[in-house]
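# Structural description and commentary
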Amino acid sequence: MALNPVLGKLVSKRVVLASASPRRQEILSNVGLRFEVVPSWFKETLEKSSFTAPYEYAVETAKQKALEVANRMHVKHQRTPDVVIGADTIVSVDGQILEKPVDKQDAYRMLSRLNGKEHSVFTGVAILHCCSKDNHLEMEITDFYEETKVKFSELSEELLWEYIHSGEPMDKAGGYGIQALGGMLVEYVHGDFLNVVGFPLNHFCKKLAELYYPASKQNVQHKKCDSMPSVDTFKNLSDGKSESSDFPEHKVSSKLDSSGMCSSGAVYTSENSSTVRLGFTVPLGNQNGVSQSASKLPSKILELMDGFRASKALFVASKLKIFDHLKDKGPMKAVDVANDVGTSVCGTERLLDACASLGLLEKTSQGYSNTDSANTYLTSDGKYSLHGYIIHSNDHLWPLFTNLESAVKEGSRQNHRAFGKKADDLFKDYYHSQEVKQRFMAAMHSIAHLTARDVATAFDLSKFKSACDLGGCTGALAHELVQVYPNLKVTVFDLPEVIANTSYFQPSGQHTAPVTFVSGDFFKDNLPEADLYILSRVLHDWPDEKIHVLLSKISAVCRPGCAILVAEMVLDDEKKNRSTALLQSLNMLVQTEGKERSGCEYQALLEKHGFTNVKIRITGNLLDWIAEYEIRRKKRCRKKKKSMVIEKKRISQSYEEEVFTASNFECPYKKLEPPCPVVPLLSHRKLQLSPFYSIVLAQFSDIQKSPMM
Ligand SMILES: Cc1cn([C@@H]2O[C@H](COP(=O)(O)OP(=O)(O)OP(=O)(O)O)[C@@H](O)[C@H]2O)c(=O)[nH]c1=O
């Protein structure tokens, strides 16, 4: 038996287990692996509804746990580990993910759900091969998952409570430990027992074999659509010396993608695993010159192909207000939903099933009901409702996007094709009818409200006494700002057609006096006086020429100490990584003369008007990047960074980009309320549209306003 060669490959490496789980430590040390334990600080708070399948959540969490440790160890100038292993175990029953119970009642809730039924235990594992080049962390990520089916016997309440009082459930996914007392609850186990305990050792070894002995991989026939790993055995491996490359198998340079999210070059090695080199250029399906087997399903491409179906299912369910119905009356059978909303039973049932499979609904024997996320974000009246934006996406963006091909060919917007009329001005399109205007305002309100806390707290703005939110629409950001900064007065400046319709969106029971609304056209009219000018999702609507007009107007009214806060998505300078922003740029192509821009491009625009020393920070929100520029030399912001900097790199002489993970970024003001969660609703978003990826915060300039201003 040649077991040693597989783990032997790790003998000379500094291996770190990014896990506090004593079970994982035991499983790995039992087979002679030598490793350090550095528990991850990554908070297991990924939005579950953004994953189409439970195992994807486990894999992503495992990856984030490992990335956090690798980055932390690298940043702290400790010796960078060679290999970091992260894992996450979850229990999945009826499409729901169960993690560790928070208290006894929660344990009871979990065990009751498992009682008498079969469930799946998924463990996601991430193996990071790391190296430090020029003090830059480069990594190759391999991840996979293992599924084991477990069935519980029918258990009495008394037994469940007795088990809960034993204390065993509390630190275990699903609230039980199969390796101890919990074993008595289990009728059968199908699959890897150790996977249930917390670490799929067999699959792990096969994965190592695949990584360190690539030759054997090519001999393997992959099975379609099952959970077999890509190397079916590792027992015949010879004990050859490992290659002297930094990463196993491939001598490619890999660059840290600061968020750790997949960028280019994903190489799919089996149905339930993948290897990704961050920032490298090996084309899909071709590594070491060997074509990937045609029998392997390119699952992420397939997911992208289907992405529009998921989007449309969400749009239609929202349009039919199914989430509203289910919030009031759920659980409901398909036939009752169909009767309520006036649709066919067969069509409604399929739509509901699709929504349940996408994690938007829960399906039980009683019928369909909303998930927590659906209640919060998809009902039309919730505080954080995205309903307005979803309807806007369906009614406005969808027709525009169907003309993307023409937009790409012609390089211009497609309003005339989508809606049969040519608009001279972007907003004339929206405001030509009351209905479209209300819909657009509701959409902007959804996004602004959802992201307002992050925009407001990205910097310490407490030194400003007055702010003017240019194009501030319904005042969602303004109201958040005055809550966070009680001494701030905010003027919302927008077109008269908008200002006339803002009353519907005003928060009830909130002190609204510090927010006032002034109507005008910021290209033509005088701007209200303010210490801070805010441009949130404004600049991307316009071409450079118009931005210059606007910035020069702002610059003209700026006094010493004034500043601009900009909130936009920002492209990475090479324009290849931030899919959310890149797709948003296509979105601008089909409907505006504007575009998304990179940090450098914004910097260049701003510098022309005396705004320099730009700082950009990725914050981890749906919205975008946030920039603050001071126009005159002023005391630097002394806000202490409590945040965990994942990567901080100087992009140019005059601005810095800082990358944070949302869960680690802590602004003192964020404590006022739980940070606004990010809701990637489309199934394909997680490929590259990670919520932890695309938000950059820029901060400060401190040069004198140039004489030309
Ligand atoms: C189903 C089951 C789970 N577990 C333990 O449940 C924890 C899952 O939580 P996690 O978040 O994956 O890991 P953790 O313990 O929080 O550690 P960390 O990796 O630091 O997040 C792990 O411990 C597992 O062993 C058992 O011990 N026996 C079982 O039958």
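Residues numbered from 1 in each chain as written. Predicted model: local features only at pLDDT ≥ 70, side-chain atom pairs only at ≥ 80, totals over all residues. Heavy atoms only, no water.

In plain terms, the rule: UniProt positions are given in the numbering used here, feature names are shortened, and annotations may be inferred rather than shown by experiment.
For the chain, an unreviewed UniProt entry supplies the name ASML protein and the organism Lamprotornis superbus. Checking UniProt for the chain, the heading Subunit (unreviewed entry) contains the comment "Homodimer."

## Topic: the overall build of the chain
Going by this rule: Segments assigned H or I by DSSP are reported as helices when at least four residues long, segments assigned E as strands when at least two residues long, and all are numbered from the N terminus. Only heavy atoms matter for contacts: two residues are in contact if any of them lie within 4.5 Å across the pair. For every accessible area listed, the method is Shrake-Rupley and the probe measures 1.4 Å; residues are considered covered only by the protein chains on display.
Within the chain, the secondary structure is distributed over 24 helices and 25 strands. Excluding contacts between residues fewer than 6 apart, the proportion of contacts in the chain whose partners are at least 24 apart in sequence is 74%. When the accessible surface of the chain is totalled, it reaches about 29000 Å², and 52% of it is carbon and sulfur.

## Digging into the packing of aromatic side chains
Selection criterion: Two aromatic rings, drawn from Phe, Tyr or Trp (for Trp, its six-membered ring), form a pair once their centres lie within 6.5 Å of each other, and the interplanar angle then sorts them: stacked below 30 degrees, edge-to-face above 60, tilted otherwise. Per-residue accessibility, obtained with a 1.4 Å probe over protein chains only, is compared with the maximum for each type, and a residue is labelled buried under 20%, exposed over 50%, and partly exposed between these values. By definition here, charges over rings are those cases where NZ of Lys or CZ of Arg is within 6 Å of the ring centre and within 35 degrees of the ring normal.
On inspection of all chains with the given rule, the structure shows 11 aromatic pairs. Aromatic pair phenylalanine 152 and tyrosine 176: ring centres 4.8 Å apart, planes at 75°, arrangement edge-to-face. With phenylalanine 152 in strand 6 (residues 136–152) and tyrosine 176 in the loop between helix 5 (157–165) and strand 7 (186–190), the pair connects residues that are 24 residues apart, well separated along the chain. When the ring of phenylalanine 523 is compared with that of tryptophan 542, the centres are 4.9 Å apart and the planes differ by 85°; the resulting orientation is edge-to-face. One end of the pair, phenylalanine 523, is in the loop between strand 16 (515–519) and strand 17 (532–536); the other, tryptophan 542, is in the loop between strand 17 and helix 21 (544–557), and 19 residues separate them in sequence. Both residues of the pair, phenylalanine 523 and tryptophan 542, count as buried. Aromatic ring contacts, followed pair by pair, group Tyr55, Phe122 and Tyr145 into a single cluster. Positioned over the ring face of tryptophan 41 is arginine 72, at 3.6 Å from the centre of the ring. Over the ring of phenylalanine 523 we find lysine 546; its NZ or CZ atom is 4.8 Å from the centre of that ring.

## Considerations on helix 4 (residues 104–114)
Definition in use: What qualifies as a polar contact is a pair of N or O atoms within 3.5 Å, subject to a donor-acceptor requirement within protein and to the restriction that residues adjacent in sequence count only when both atoms come from side chains.
Turning to helix 4, its buried residues number three or more, namely Asp106, Ala107, Tyr108, Met110, Leu111, Arg113 and Leu114. Each element contacted by the buried residues of helix 4 is listed here: strand 3 (83–93), strand 4 (96–98), strand 5 (118–133), strand 6, helix 5 and strand 12 (361–364). The opening residue of helix 4 is aspartate 103, an N-cap whose side-chain oxygen sits 3.2 Å from the backbone nitrogen of glutamine 105. Glycine 116 lies just past helix 4 and shows a positive phi near 75°.

## Quick look at the site of the ligand
For clarity, the cut-off: Put simply, a residue is near a molecule or strand once any heavy atom of it comes within 4 Å of that molecule or strand.
Every one of the 21 residues lining the ligand counts as a neighbour, but Ser19, Arg24, Lys65, Lys100 and Val197 are closest to it. Taking serine 19, its side chain carries an N or O atom lying 2.6 Å from an oxygen atom of the ligand. In this structure, an oxygen atom belonging to the ligand sits 2.8 Å away from a main-chain N or O atom of threonine 89. Protein contact buries 94% of the 600 Å² of open area that the ligand shows by itself. Those elements giving two or more residues to the shell around the ligand turn out to be helix 2 (22–30), strand 3 and helix 6 (193–197).

## Quick notes on the packing of helix 9 (residues 299–319) against helix 14 (residues 387–401)
The condition is simple: An axis is simply a line fitted to the C-alpha atoms; with a helix, the fit covers only the stretch in contact. Between two such axes, the angle follows the N-to-C directions and lies from 0 to 180 degrees. Note on terminology: angles under 35 degrees are roughly parallel, angles over 145 are roughly antiparallel, angles of 65 to 115 are roughly perpendicular, and the others are oblique. Crossings are sorted by hand: turned counterclockwise from the far helix by less than a right angle, the near helix makes the crossing left-handed, and turned clockwise it makes it right-handed. Only Asp, Glu, Lys and Arg are considered charged in this grouping, and only Ala, Val, Leu, Ile, Met, Phe, Trp, Tyr, Cys and Pro are considered nonpolar; every other residue, Gly among them, is considered polar.
Where helix 9 contacts helix 14, the axes come no closer than 9 Å and their chain directions differ by 120°. Relative to helix 14, the element helix 9 lies oblique. Where helix 9 crosses over helix 14, the handedness of that crossing is left-handed. Residues Phe308, Ser311, Lys312, Leu314, Phe315, Ser318 and Lys319 of helix 9 touch helix 14, and the partners they reach there are His387, Ile390, Ile391, Ser393, Asn394, Asp395 and Trp398. Considered class by class, the residues forming the contact of helix 9 with helix 14 number 6 nonpolar, 5 polar and 3 charged.

## Brief notes about the nonpolar core
Side chains of a nonpolar character, in soluble globular proteins, are inclined to be buried together. Which entries qualify depends on this criterion: Buried Ala, Val, Leu, Ile, Met, Phe, Trp, Tyr and Cys residues that are joined via side-chain atoms within 4.5 Å together make up what is termed a nonpolar core.
With 44 residues, the main nonpolar core has Ile85, Phe152, Tyr176 and Phe204 as its most contacted residues. Among the elements that take part in this core, helix 7 (residues 201–212) stands out by supplying 6 residues, more than any other. Once you skip the residues sitting within four places of it in the chain, isoleucine 85 turns out to touch Val15, Val16, Leu17, Ala18, Leu33, Ala66, Val125, Ala126, Phe199 and Phe204. If you look at the next biggest cluster of nonpolar residues, it comprises 34 residues, including Ala310, Leu358, Leu400 and Ala407.

## Some details on the confidence of the model for the chain
Threshold: The predictor rates its confidence in each residue with pLDDT, a number between 0 and 100.
Per-residue confidence for the chain averages 76 on the pLDDT scale, and 71% of its residues sit at or above 70. Below pLDDT 50 for its whole length, residues 216–246 participates in 61 contacts with residues either more than four positions away or in separate chains. Segment residues 277–295 is flagged for pLDDT under 50; beyond a separation of four residues in sequence, or across chains, it makes 49 contacts in the model. Prediction confidence for the complex, expressed as pTM and ipTM, is 0.53 and 0.99 respectively.

## Digging into the packing of helix 11 (residues 334–341) against helix 12 (residues 345–357)
Between helix 11 and helix 12, the least distance of the axes is 8 Å, while the angle of their chain directions is 115°. Here helix 11 is positioned roughly perpendicular relative to helix 12, judged by the angle of their axes. Between helix 11 and helix 12 lies a crossing of right-handed hand. Across the interface between the two elements, Ala334, Val335, Val337 and Ala338 of helix 11 pack against Val345, Thr348, Glu349 and Leu352 of helix 12.

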